[in-house]
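# Examination of the molecular architecture
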Amino acid sequence: DSSESAALVIMAAQPAAKQAVLGLLGGLAVALALAVFTGMQMVQDVQQKSEVMGSELMVLPSQQTTELKAVWRKLRNEPMDFYPDRIWLYAGPETALWGEGKLIGDLKALLRYGHYETQVMTFSSIGIAPVRAVCWDRHTHVIVFPPFDEYPDLHQIARTDLRHYVSTGNNLVFLGGFATMGLMNDIFGFRLKAEVYQEGPFY
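Predicted model only: the values in this text are computed from it and were never measured.

### Quick look at the environment of Tyr165
Note that Tyr165 resides in helix H4 (residues 156–167). Note on Tyr165: relative accessible area 2%, which makes it buried. As a C-alpha pair, Tyr165 and Arg132 span 33 residues in sequence and 9.4 Å in three-dimensional space. If sequence neighbours within four positions are ignored, Tyr165 has contacts with Val134, Cys135, Thr140, His141, Val142, Ile143, Asn170 and Asn171. For Tyr165, the side chain forms a polar contact with the main-chain nitrogen of Val142, separated by 2.9 Å.

Right under this line is the structure:
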């Protein structure tokens with residue numbers, strides 16, 4: 001009978017299907033166990049690495065910040081009301097003092113006003129050697145340049161000596177003039193500009 005044979009086939013297939021399902025479940029269980037085991041190993045490795053890194057960080061020395069303070073220090077021990085006892089005055093050909101003994105004498109008297117023991121000496125060349133000799137005079141801490149009638153041809157080496165002279169606590173005095181402003185810009189890197197004359201009234 002065909003119905004009986006079909007039932008026998010179904011009954012015979014049931015054990016095989018059960019075995020297949022059981023095999024599939026067993027494979028899934030093994031894979032799940034392997035995944036769990038692998039995950040646990042990865043977690044342990046991460047923990048170990050973090051512990052090692054933490055111990056290394058603990059070994060590193062702590063950073064320290066040092067506070068920097070600028071302290072003003074006097075280069076010489078003169079009192080605050082000190083007036084120089086020696087002054088160098090430039091009287092070269094670029095100035096109105098050139099060859100004018102009376103003007104030079106008047107300016108010297110002005111520089112010595114109230115301090116008659118002060119010695120005012122003149123130099124008439126801004127060449128490398130004369131400027132260096134004046135700048136290296138250890139007993140003189142003031143150099144005065146009067147207004148220039150024309151722009152002075154000051155060598156780069158002489159400019160460097162003048163910058164060093166000022167940086168060591170000495171005084172370089174310019175008495176005005178447009179050419180003087182340009183010279184100050186060239187020596188010290190300033191950006192001074194002449195103020196354009198404006199007519200009044202001023203309030």
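On we go.
### Here we look at the sheet that holds strand E3 (residues 142–145)
Pairing in this open sheet of 4 strands is parallel, and the strands run E2-E1-E3-E4 from one edge to the other. In this open sheet, the two edge strands, each paired with only one partner strand, are strand E2 (119–123) and strand E4 (171–174). Taken over all neighbouring pairs, the strand axes of this sheet differ in orientation by 25° on average, direction set aside. Here helix H2 (residues 101–111) sits on the sheet and contacts strand E1 (86–90), E2 and E3; the angle it forms with E2, its principal contact strand, is near 140°.

### Considering the environment of Val142
Locating Val142 in the fold gives a position in strand E3. A relative accessible area of 9% places Val142 in the buried class. Linking Val142 and Arg86, residues 56 residues apart in sequence, is a C-alpha distance of 7.3 Å.

### What to know about H4
Its 12 residues give H4 an end-to-end C-alpha distance of 17 Å, which sits within 8% of 16 Å, the value for a rise of 1.5 Å per residue. Restricting attention to buried positions, one finds in H4 the residues Ala158, Arg159, Asp161, Leu162 and Tyr165. Down the axis of H4, the buried set is contained in an arc of 160°. They therefore lie on one face. Buried residues belonging to H4 abut helix H3 (128–135), E3, E4 and helix H5 (178–188). Just beyond H4, the residue with positive phi is Gly169, at close to 95°.

### Observations concerning the nonpolar core
In this structure, Phe123, Val131, Ile143, Phe145, Leu154 and Leu162 are the most contacted members of the largest nonpolar core, which totals 20 residues. Filtering out sequence-adjacent residues up to four positions away, Phe123 remains in contact with Trp88, Leu89, Tyr90, Ala91, Gly92, Val134, Ile143 and Phe145. With 10 residues, the next largest nonpolar core counts Leu89, Ala91, Leu97 and Ile104 among its residues.

### Describing the packing of H3 against H4
H4 packs onto H3 with a crossing angle of 10° between their chain directions and a minimal axis gap of 9 Å. In terms of their interaxial angle, H3 and H4 are classed as roughly parallel. For the pair formed by H3 and H4, the contact residues are Ile128, Val131, Arg132, Val134 and Cys135 on the first element and Ile157, Ala158, Asp161, Leu162 and Tyr165 on the second. Looking at side-chain class alone, the contact of H3 with H4 contains 8 nonpolar, no polar and 2 charged residues.

### What to know about the pairing of E1
Counting buried positions over the 5 residues of E1 gives 4, a clear majority of the element. Inspection of the sheet shows E1 paired to E2 by 5 bridges, in the parallel sense. Within E2, the residue paired with Leu89 across the bridge is Thr122. Considered for its hand, the β-α-β crossover made up of E1, H2 and E2 is right-handed. As paired strands, E1 and E3 are joined by 2 bridges and run parallel to one another. Among the inter-strand pairings, Trp88 is bridged to a residue of E3, identified as Ile143.

Rules and cut-offs
- Residues numbered from 1 in each chain as written.
- Predicted model: local features only at pLDDT ≥ 70, side-chain atom pairs only at ≥ 80, totals over all residues.
- Heavy atoms only, no water.
- Helix = DSSP H or I, 4+ residues; strand = E, 2+ residues; numbered from the N terminus.
- Buried < 20%, exposed > 50% of the residue type's maximum accessible area, 1.4 Å probe, protein only.
- Contact = heavy atoms within 4.5 Å.
- Polar contact = N/O pair within 3.5 Å; in protein donor to acceptor, adjacent residues only side chain to side chain.
- Pairing = 2+ DSSP bridges.
- Axes fitted to C-alpha atoms, helices over the stretch in contact; angles between N-to-C directions.
- Expected span 1.5 Å × (residues − 1).
- Arc of directions from axis to C-beta.
- Core = buried A, V, L, I, M, F, W, Y, C linked by side-chain atoms within 4.5 Å.
- Parallel < 35°, antiparallel > 145°, perpendicular 65-115°, else oblique.
- Nonpolar A, V, L, I, M, F, W, Y, C, P; charged D, E, K, R; others polar.
- Right-handed = clockwise from strand over helix to strand, strands pointing away.

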